[in-house]
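Structural overview
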Amino acid sequence: MPSRDPGRTVARVPLTDTPAVQARDLRRTFRSRSGIWRQTRSEVEAVKGVSFEIAPGELFGLLGPNGAGKTTTIKMLITLLIPTSGSASVLGRDVVTDVREVRSRIGYVFGGDRGLYERLTGLDNLRYFSELYGVPPREQRARIGSLLELVGLTGREGEKVEGYSRGMRQRLHIARGLLHDPDVFFLDEPSIGIDPVGARELRATIAGLRDQGKTVLLTTHYMFEADELCDRIAVIRSGEIVAEGTPDELKELVSAGRVLEVETYGVHDHVLDRLRVVPGVRSVVVEERGQLQVLVVASEPGAEVTQPVLGGLDETRVGRVSHRDPTLEDAYVELVTRTGA
Amino acid sequence: MIRLRQLAVCYWLQLKILLFSPFEGFLAVVFPLMFATAAMLVYEVGGDPEAILYAAIGAAAMGIWTSQTVSASTLVQRERWAGTLELVVAAPTRFSLVLLPITFAMATIGLYSVVATILWNWWLFDVRLQVENWPLFVLSILMATVTIALFGFLLSVTAVRYRTSWALGAALEYPGWLLCGFVVPLDLLPAAVLPLSWILAPTWAVEGMRASAAGESPWLDLAICGLVGLGYAALAAYLGVRLIDSARRDATLALT
Ligand SMILES: Nc1ncnc2c1ncn2[C@@H]1O[C@H](COP(=O)(O)OP(=O)(O)OP(=O)(O)O)[C@@H](O)[C@H]1O
Ligand SMILES: [Mg+2]
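Residues numbered from 1 in each chain as written. Chains lettered and ligands numbered in written order. Predicted model: local features only at pLDDT ≥ 70, side-chain atom pairs only at ≥ 80, totals over all residues. Heavy atoms only, no water.

**Overview of the overall build of chain B**
We count it as follows: By the criteria applied, helices consist of DSSP H or I runs no shorter than four residues and strands consist of E runs no shorter than two, each listed in order from the N terminus. Here a residue-residue contact requires only that any non-hydrogen atoms of the pair lie within 4.5 Å. Methods summary: accessible areas were calculated by the Shrake-Rupley approach with a probe of 1.4 Å, and residue burial reflects only the protein chains presented. The positive count covers Lys and Arg only, the negative count covers Asp and Glu only, and His and the chain ends enter neither. By convention, the charge on Lys lies at NZ, on Arg at CZ, on Asp at CG and on Glu at CD.
A tally of regular secondary structure across chain B gives eleven helices and zero strands. Going residue by residue from the N terminus, the α and β elements of chain B occur as α-α-α-α-α-α-α-α-α-α-α. Pairs at least 24 apart in sequence give 77% of the contacts found in chain B among residues at least 6 apart. Within the structure as shown, chain B displays about 10,900 Å² of accessible surface, and the carbon and sulfur contribution to it stands at 74%. Averaging the coordinates of the 13 positive side-chain charges in chain B and doing the same for the 15 negative ones gives two points 20 Å apart.

Structure follows, in structure tokens:
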């Protein structure tokens, strides 16, 4: 095990080190049938050759639009799905052939309120999974106690899960995933349905895991969450990784300098097309905000595009014009909407 | 050691789930009694005490069968609906060891339903079971309960891969009454279906119950019953591994 220094600059670990998670050209197709009389078979290629490595102790984010293949990728890594082709290993163990060993060293939490025994109390749910994960009986009580403390459910553990709110269920899930003190933790949209205060606590919990030296793979649709937490991020679109790097590297992909925001009223598509070919403009994305359309314009490093862009908008009503630093969301939106890739 | 503890804790927690589930509770308490009542009323018309005893024993076994085949065969399907199927499969414990305590929790409910049926018949119809050999009779009841649970276990394992196989368990509920000879002697069935009766362990368990009640030796029946039951368990354990692999290939663990 490598020693890791605190903070978020740990990402790069020498290549000789076994990666905590390694995916090599992972592919997965789903076959589905529809129709009762005339069955038509259709194939969905959910993951099309995904490769990445996560170093031990790294917090890795997998971002992408709905249906991009994030959950499918995770399910292959946690042994619930067999890849159609390609291979993957967790802590050096193959996820297809070394199933038992992989399972005992990873934790898995998905978002949403399913996956719990409604008729049992929170405590009994944790007890059940402690047994299935072979947590030594003597350690169980203390372990469950400290996890309840960690996720803020102390005092509510005696109630049946059917009476839990969504956020409480989500916290219970996280406690469940940590019962056996896994080395690698897979979190698939863990912050879904959690209130802002709870989400902040959850981020602190996840950051705490990283500080303990655990490897974490996180998917989320909240860009600030990914920006705050992740050492490195891969953006996946239609089953393929389209970009990979630290949050700052990704932001630089969009714009080395600043982002120009222009408020407009009723901007036309042909105007946008015209702006997109302005020299120095990398991308133009429209954000609808009620009556307004905000044009988010990213530019090449060093290019001065404000004047040409405003010039191109002469027949459009223009409101406030401002500059700001690029956010991860800018990078993300550009990466997943870029045509052709 | 840890294995045993694991089985015991899981058994206890699963029993809690079953006891707190109103649906199961209703099935376990009311259905067997209703069926027992119907069977008794039919046989009472004849007034032959031997036939009434026959019906009383059959009705007791019928209670276990009814309360267990449906709930056991829907077991995996219910885990799937709850979203816990993936989680238990992702745990390092072998899947058959996850299902086994659940099966025994169900058998416990089944056992309860036999006792309830016997007491009910006693109280309502004044049928005092004339049992020559109580220890063997109780053993036969236990065998019936466990093997019926194992049968449900087998059905439920197949539901890991074949999502609709739970319906088979439901469909078997009523034919099972006839095939296992609970209330109608097997001699009345067409010879062609007899092999089906023979591979159903409860058939032998009920024979054992009747033999020990009559003071005859139930050992042969119980031995066959045990063998068939072990066969179910072995087949289920074997299929468990194969079907989970196939479910991982065909992505049917998460689908509702
Ligand atoms: N069991 C399945 N059978 C058939 N198709 C599936 C199955 N699971 C996923 N898919 C398909 O695979 C594709 C990728 O789905 P996946 O759940 O991996 O996306 P995702 O990136 O997790 O999306 P989201 O952000 O909505 O969670 C989708 O088109 C989905 O319809
Ligand atoms: Mg998903």
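**Here we look at a nonpolar patch on the surface**
Residues and elements named next belong to chain B. How we decide: Think of a patch as exposed residues, more than 30% relative accessible area, with no salt bridge, where like charges cluster within 9 Å and nonpolar side chains (Val, Leu, Ile, Met, Phe, Trp, Tyr) cluster within 5 Å. Definition used for salt bridges: Asp or Glu carboxyl oxygen within 4 Å of a side-chain nitrogen of Lys or Arg. Any residue under 20% of the maximum accessible area for its type is buried, any over 50% is exposed, and the rest in between are partly exposed; the area is computed with a 1.4 Å probe on protein chains only.
On the surface, a nonpolar cluster with roughly 560 Å² of combined accessible area is contributed by Val 115, Leu 119, Trp 122, Trp 123 and Leu 124. Tracing the chain through its elements places Leu 119 in helix α6 (residues 95–125). According to the relative accessible area criterion, Leu 119 is partly exposed, its value standing at 48%.

**Re the sheet that holds strand β9 (residues 232–237) of chain A**
Residues and elements named next belong to chain A. Rules: Strands pair, by our definition, only if DSSP identifies at least two bridges between them. Axes, fitted as lines to C-alpha atoms, cover a helix only where it is in contact. Angles between the N-to-C directions of the axes lie from 0 to 180 degrees.
Here we have six strands laid out as an open sheet, ordered β6-β7-β8-β3-β9-β10, and mixed in their pairing. The sheet is open, and its two borders are formed by β6 (106–110) and β10 (240–245), each paired with just one other strand. For this sheet, the mean inter-axis angle between neighbouring strands, taken without regard to orientation, is 15°. Two strands pair when backbone bridges link them, and β6 and strand β7 (residues 184–188) are joined in this way by five bridges, in the parallel orientation. When the bridges of β7 are listed, Tyr 108 appears paired with Phe 186. Running over the sheet, helix α5 (residues 166–178) touches β6 and β7 and is turned about 170° from β6. Strands β3 (59–63), β9 and β10 of the sheet are contacted by helix α11 (residues 328–337), whose axis makes an angle of about 30° with β9.

**Thoughts on the pattern of salt bridges**
Residue and element names in this part refer to chain A. Per the counting criterion, the structure on display carries 31 salt bridges over all chains. One salt bridge in this structure joins Asp 227 and Lys 251, with 3.1 Å as the shortest N-O distance. Here Lys 251 lies in helix α8 (residues 247–254) and Asp 227 lies in helix α7 (residues 223–229), a separation of 24 residues in the sequence. The exposure class assigned to Asp 227 is partly exposed, which follows from its relative accessible area of 21%. Taken together, the shared-partner salt bridges connect Glu 261, Glu 287, Arg 289, Arg 324 and Asp 330 into one network.

**Describing the sheet that holds strand β14 (residues 317–324) of chain A**
All names here are of chain A. Taking strand neighbours across the sheet as the criterion, the four strands line up as β12-β13-β11-β14 in an open arrangement whose pairing is antiparallel. Each edge of the open sheet carries a strand with a single partner, namely β12 (281–289) and β14. Averaged over all neighbouring strand pairs, the angle between strand axes comes to 20°, with direction disregarded. Pairing of β12 with strand β13 (residues 292–299) involves eight bridges; the strand directions are antiparallel. Bridging from a neighbouring strand, Glu 287 pairs with Val 294 of β13. Across the sheet, helix α9 (residues 269–276) is in contact with β12 and β13; its angle to β12 comes to roughly 150°.

**Side note on empty space enclosed by the protein**
What counts, and what does not: We place a 1 Å grid over just the protein atoms. Points where a 1.4 Å probe fits but has no way out form a cavity, open points with protein on both sides within 12 Å along at least 5 of 7 lines form a pocket, and any residue with an atom within 4 Å of a point lines it. Grid points are joined across faces, edges and corners, and a volume is the space filled by probe spheres set on the points.
The final tally for this structure, using the stated rule, is two cavities of 30 Å³ or more. Estimated volume of the second largest cavity: approximately 40 Å³. Lining the second largest cavity are Ile 78, Thr 79, Arg 103, Ile 106, Tyr 108 and Tyr 133 of chain A together with Ala 90 of chain B.

**Examining the site of ligand 1**
Note the threshold: For this purpose, a residue is taken to be near a molecule or strand whenever a single non-hydrogen atom of the residue falls within 4 Å of it. Polar contact is defined as a pair of N or O atoms within 3.5 Å, subject to the rule that within protein one atom must be able to donate a hydrogen and the other to accept it, and that residues adjacent in sequence are counted only when both atoms are side-chain atoms. Residues were grouped as follows: Ala, Val, Leu, Ile, Met, Phe, Trp, Tyr, Cys and Pro as nonpolar; Asp, Glu, Lys and Arg as charged; and all remaining residues, including Gly, as polar.
Around ligand 1 sit 15 residues, and of these Gly 67, Gly 69, Lys 70, Thr 71 and Thr 72 of chain A come closest. Ligand 1 sits at the junction of chains A and B, each of which supplies nearby residues. Lys 70 of chain A places a polar side-chain atom, nitrogen or oxygen, 2.7 Å from an oxygen atom of ligand 1. Between ligand 1 and the protein, one listed contact pairs an oxygen atom with a side-chain N or O atom of Thr 71 of chain A at 2.5 Å. Coverage of ligand 1 by the protein amounts to 67% of the 640 Å² it exposes when considered alone. In terms of residue count, helix α1 (residues 70–77) of chain A provides more of the shell around ligand 1 than any other element does, three residues in total. A class-by-class count of the residues in the shell around ligand 1 yields seven nonpolar, six polar and two charged.

**Focus: the interface of chain A and chain B**
How we decide: Values labelled buried area give the accessible surface lost by two parts on being combined, using a 1.4 Å probe and summing over both.
Every contact between the two is made by 33 residues of chain A and, on the other side, 37 residues of chain B. Both sides of the chain A and chain B interface together cover about 3,200 Å² of buried area, and 60% of this is carbon and sulfur. Linking chain A with chain B are three salt bridges, by the criterion used here. The closest approach of N and O atoms between Glu 86 of chain B and Lys 75 of chain A, which form a salt bridge, is 3.0 Å.

**Observations regarding unusual backbone geometry**
Residue and element names in this part refer to chain A. Phi is positive for Asp 25, which is not a glycine, with a value near 50°. Given the relative accessible area of 37%, Asp 25 is considered partly exposed. Despite not being glycine, Thr 79 has its phi angle at roughly 70°, a positive value. With respect to the secondary-structure elements, Thr 79 resides in the loop between α1 and β4 (85–90).

**Describing the pairing of β7 of chain A**
All names here are of chain A. Defined as follows: By convention, orient the strands away from the viewer: a clockwise path from the first strand over the helix to the second makes the crossover right-handed.
The element β7 is extensively covered by neighbouring structure, given that five of its five residues are classed as buried. Where burial is concerned, the two faces of β7 agree: the one with Val 184, Phe 186 and Asp 188 and the one with Phe 185 and Leu 187 are both buried. Inspection of the sheet shows β7 paired to strand β8 (residues 215–219) by five bridges, in the parallel sense. In the strand pairing of β8, Phe 186 is matched with Leu 217. Chirality of the crossover, the property in question, places the unit of β7, helix α6 (residues 196–211) and β8 among those that are right-handed.

**Looking at the confidence of the model for chain A**
Formally: pLDDT is defined as a per-residue confidence score from the predictor, taking values between 0 and 100.
Chain-level pLDDT for chain A is 86 on average; 91% of the residues reach the 70-or-more range. Contacts for the low-pLDDT stretch residues 1–15 of chain A, under 50 throughout, to residues beyond four places or in other chains number 25 contacts.

**A closer look at the nonpolar core**
Going by this rule: Among buried residues, those of type Ala, Val, Leu, Ile, Met, Phe, Trp, Tyr and Cys that are joined through side-chain atoms within 4.5 Å constitute a nonpolar core.
Of all hydrophobic cores here, the largest spans 153 residues; its most connected members are Tyr 128 and Phe 186 of chain A together with Phe 95 of chain B. Ranked by the residues each element gives to this core, the list is headed by helix α3 (residues 49–73) of chain B, at eleven residues. Apart from residues lying up to four places away in sequence, Phe 95 of chain B is in contact with Val 76, Leu 85, Val 88, Val 89, Val 160 and Ile 244 of chain B.

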